[in-house]
Amino acid sequence: MDHEELSRSLFELQNTMRRAMEQLAKGELTNIVQVQIVRELLNGRRTVAELVEALFGLKQGDEGYLAHYYQIDKELRLMGSKGLVSRRLFGRDKPYALTQHAVARLTMIG
């Protein structure tokens, strides 16, 4: 498989996963912010700060940043309690990632 075929296959998989998000939202995700978080995490691990920047276009120090930071943190904790996301326990940066449970659910739906 050459680079172009691999890229196309990954793009198709990502699109399938995104469509599956709508169905997953009916069951385990409770609001659009959680859906957007999962969509971002499909691209890899993200810290709360990275998610705030990706979803709201805000960086630390911007007006409204802290409110959105706490909102994302709350949503991640709720999603973590459902087994959808996890993060490292130690280290300075603690990026979140989708769990195997979340990926399995997305795969079953897709």
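Structure shown above.
The notes below deal with the structure included here. Because the structure is predicted, anything quoted here is derived from the model rather than measured. (Residues numbered from 1 in each chain as written. Predicted model: local features only at pLDDT ≥ 70, side-chain atom pairs only at ≥ 80, totals over all residues. Heavy atoms only, no water.)

**Examining the nonpolar core**
Ranked by size, the top nonpolar core spans 22 residues in total, and within it Ile37, Ile72, Leu76, Met79, Val85 and Leu98 carry the most contacts. If you list the elements that add at least two residues to this core, you get helix 2 (32-41), helix 3 (48-56), helix 4 (65-81), strand 2 (96-98) and helix 5 (100-109). Looking at which element gives the most residues to this core, the answer is helix 2, with five residues. (Core = buried A, V, L, I, M, F, W, Y, C linked by side-chain atoms within 4.5 Å. Buried < 20%, exposed > 50% of the residue type's maximum accessible area, 1.4 Å probe, protein only. Helix = DSSP H or I, 4+ residues; strand = E, 2+ residues; numbered from the N terminus.)

**Notes on the packing of helix 2 against helix 4**
Contact geometry for helix 2 and helix 4: axes closest at 10 Å, N-to-C directions at 80°. The angle between helix 2 and helix 4 places the two elements in the roughly perpendicular class. Contact with helix 2, carried on its side by Val33, Gln34, Ile37 and Val38, involves Gln71, Ile72, Glu75, Leu76, Leu78 and Met79 of helix 4 and no other residues of that element. Classifying every residue of the contact of helix 2 with helix 4 by side-chain character gives seven nonpolar, two polar and one charged. (Axes fitted to C-alpha atoms, helices over the stretch in contact; angles between N-to-C directions. Parallel < 35°, antiparallel > 145°, perpendicular 65-115°, else oblique. Contact = heavy atoms within 4.5 Å. Nonpolar A, V, L, I, M, F, W, Y, C, P; charged D, E, K, R; others polar.)

**A look at the pattern of salt bridges**
Close approach of charged atoms allows side chains with opposite charge to pair. Under the definition given, this model contains four salt bridges. Two residues, Arg46 and Glu40, come together in a salt bridge whose shortest N-O distance is 4.0 Å. Its salt-bridge partner being Lys59, residue Glu53 comes within 3.7 Å of it at the nearest N-O pair. Accessibility expressed as a relative area gives 39% for Glu53, which makes it partly exposed. (Salt bridge = Lys/Arg side-chain N within 4 Å of Asp/Glu carboxyl O.)

**Brief notes about the packing of aromatic side chains**
Counted by the stated rule, this structure contains two aromatic pairs. Taking the centre distance of 5.8 Å and the plane angle of 40° together, the rings of Tyr65 and Tyr69 count as tilted. One end of the pair, Tyr65, and the other, Tyr69, are both in helix 4, four residues apart, so they sit about a helical turn from each other. Residues Tyr69 and Tyr70 carry aromatic rings whose centres are separated by 6.0 Å and whose planes lie at 90° to one another, so their mutual orientation is edge-to-face. For Tyr69, a relative accessible area of 27% puts it in the partly exposed group. Among the aromatic residues, those joined into a ring-pair cluster are Tyr65, Tyr69 and Tyr70. (Phe/Tyr/Trp six-rings, centres within 6.5 Å; stacked < 30°, edge-to-face > 60°.)

Note that all results are geometric; they support no functional claim without further evidence.
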